[in-house]
Amino acid sequence: MGHSRVPPRSRLRVRKIATLAALSDLRSGAYRTALVVGVELEKTVPGDIAAQHLGAAAWTDHEGAEATFMWPYMFDRLAAEYDRRYGIDDAHLRAIAQLNFANARRNPNAQTRDWTVPDPLSADDANPPIEGRLRRFDCSQMTDGGAGIVLVTDEYLRGHPDKQPIGRIDGWGHRTVGLGLQQKLDRAANDPHVLPHVRAAVRDAFDRAHITLDDVDGFEVHDCFTPSEYLAIDHIGLTGPGESWKAIENNEIELGGRLPINPSGGLIGGGHPVGASGVRMLVDAAKQVSGKAGDYQVEGAKTFGTLNFGGSTTTTVSFIVSGV
């Protein structure tokens, strides 16, 4: 990414927790510039071993003891909670995956850009079960990758008039809650949103940016598995709670739709280098608002959102990025 800025009016620039830490340093006046880098190496070991390594981030020995693959198992449980509360059609999860693979074909950096993916996706030998209702193409990719962003203050820009930022962070929201997924679901039993702290993080980002969803031109969200994007749709506020399927059926999340989601291909199509995914979302948001996203550009995009999770949404961060 290039540069961007953030309130209060000594605005700054854009990652997930590392980005928040950098923003705090810049806002304190201790620094005028910061480099945030995310890097992940996963493919140095076989996929099943990499999955075991990633599973260490769960609440080990408390949840998922019966899981073969921890994170598909956990997000299958999230889908099961939607099913229990509102009903869920697996076809809508397949549609999310299909769209993200299609978007990835437009992105020269996407891991699956040259893959041959069945169209339509179905529950067959080409798309075998992984955990519960989740199948191969419901899952993001084991990925090596990295991304970096430079954050600078307005003071820095005043001293370097030749430097032109390509984006500005106008708002951010952050929530950290317990590791256990079931604990989170139990606490939210009487809330219409399945994970209300995710909704709160997005609303904080909107409030700090002084905007509503109607002002946003698109979102990059954390589709580690299709149920996590399903969660993102209604927690962003595009639909009412439990009604994400409406936005999917009405083509609202496609390029050219009401609110394109993951035009880059997301984690499913683009790849999921875990330690770099939050930074990468911000890079793509900045590309969108500066008109530099190429074939996956959202036409006329001026404001873009990101929604990034850690674990079973244990840490959730949302940013609003706008053009300059």
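Here the structure is shown first, and the text comes after it.
Criteria and cut-off values
- Residues numbered from 1 in each chain as written.
- Predicted model: local features only at pLDDT ≥ 70, side-chain atom pairs only at ≥ 80, totals over all residues.
- Heavy atoms only, no water.
- Helix = DSSP H or I, 4+ residues; strand = E, 2+ residues; numbered from the N terminus.
- Expected span 1.5 Å × (residues − 1).
- Buried < 20%, exposed > 50% of the residue type's maximum accessible area, 1.4 Å probe, protein only.
- Contact = heavy atoms within 4.5 Å.
- Polar contact = N/O pair within 3.5 Å; in protein donor to acceptor, adjacent residues only side chain to side chain.
- Salt bridge = Lys/Arg side-chain N within 4 Å of Asp/Glu carboxyl O.
- Phe/Tyr/Trp six-rings, centres within 6.5 Å; stacked < 30°, edge-to-face > 60°.
- Lys NZ or Arg CZ within 6 Å of the ring centre and 35° of its normal.
- Core = buried A, V, L, I, M, F, W, Y, C linked by side-chain atoms within 4.5 Å.

**Q** Which parts of the structure should I look at to understand helix H4 (residues 90-104)?
**A** Note: α-helices contain 3.6 residues per turn, so residues at a spacing of three or four share the same orientation. When the terminal C-alpha atoms of H4 are compared, their 22 Å separation across 15 residues agrees well with the 21 Å that a helix rising 1.5 Å per residue should span. Most of H4 is tucked away: eleven of the 15 residues are buried. Tucked inside the fold, the buried residues of H4 contact strand S3 (134-135), helix H8 (226-236), helix H9 (244-249) and helix H10 (266-270). Structurally, the start of H4 carries an N-cap: the backbone nitrogen of Ala91 is 2.9 Å from a side-chain oxygen of Asp89.

**Q** Could you clarify how one ought to interpret the pattern of salt bridges in this entry?
**A** For side chains of opposite charge, pairing can occur when their charged atoms come near one another. Summed over all chains, the structure comprises 13 salt bridges. Between Asp76 and Arg133 there is a salt bridge; the shortest N-O distance is 3.8 Å. Note that Asp76 is positioned in helix H3 (residues 70-85) and Arg133 in the loop between strand S2 (129-131) and S3, a separation of 57 residues in sequence. For Asp76, a relative accessible area of 14% gives the class buried. Between Arg258 and Glu252 there is a salt bridge whose closest N-O contact spans 3.2 Å. Residues participating in the shared-partner salt-bridge network are Asp76, Asp83, Asp90 and Arg133.

**Q** Just to check I follow, could you spell out the packing of aromatic side chains for this structure?
**A** Under the definition given, this model contains seven aromatic pairs. Measuring from ring centre to ring centre gives 5.2 Å for Tyr82 and Tyr230, while their planes differ by 85°; the resulting arrangement is edge-to-face. You can see Tyr82 sitting in helix H3 and its partner Tyr230 sitting in helix H8, a full 148 residues away along the chain. Judged on exposure class, the residue Tyr82 and its partner Tyr230 are both buried. Ring centres 5.4 Å apart and planes at 90° place the aromatic pair Phe101 and Phe137 in the edge-to-face group. In this pair, Phe101 is assigned in helix H4 and Phe137 in the loop between S3 and strand S4 (145-152), connecting sequence segments 36 residues apart. Residue class for Phe101 comes out buried when judged on its relative accessible area of 1%. An aromatic cluster is built from Trp71, Phe75 and Phe225, whose rings are joined through pairwise contacts. Lying over the aromatic face of Trp172, Arg208 brings its terminal NZ or CZ to 4.9 Å of the ring centre.

**Q** What exactly am I supposed to notice about the nonpolar core here?
**A** The tendency in soluble globular proteins is for nonpolar side chains to be buried side by side. Judged by nonpolar contacts, the single largest core of 46 residues is most densely connected at Phe219 and Leu307. Taken together, the elements giving at least two residues each to this core come down to H3, H4, helix H6 (181-187), helix H7 (196-209), strand S6 (219-221), H8, H9 and strand S7 (303-310). The element contributing the most residues to this core is H3, with seven residues. Listed in part, the 22 residues of the second largest apolar core include Leu20, Leu26, Val283 and Val317.

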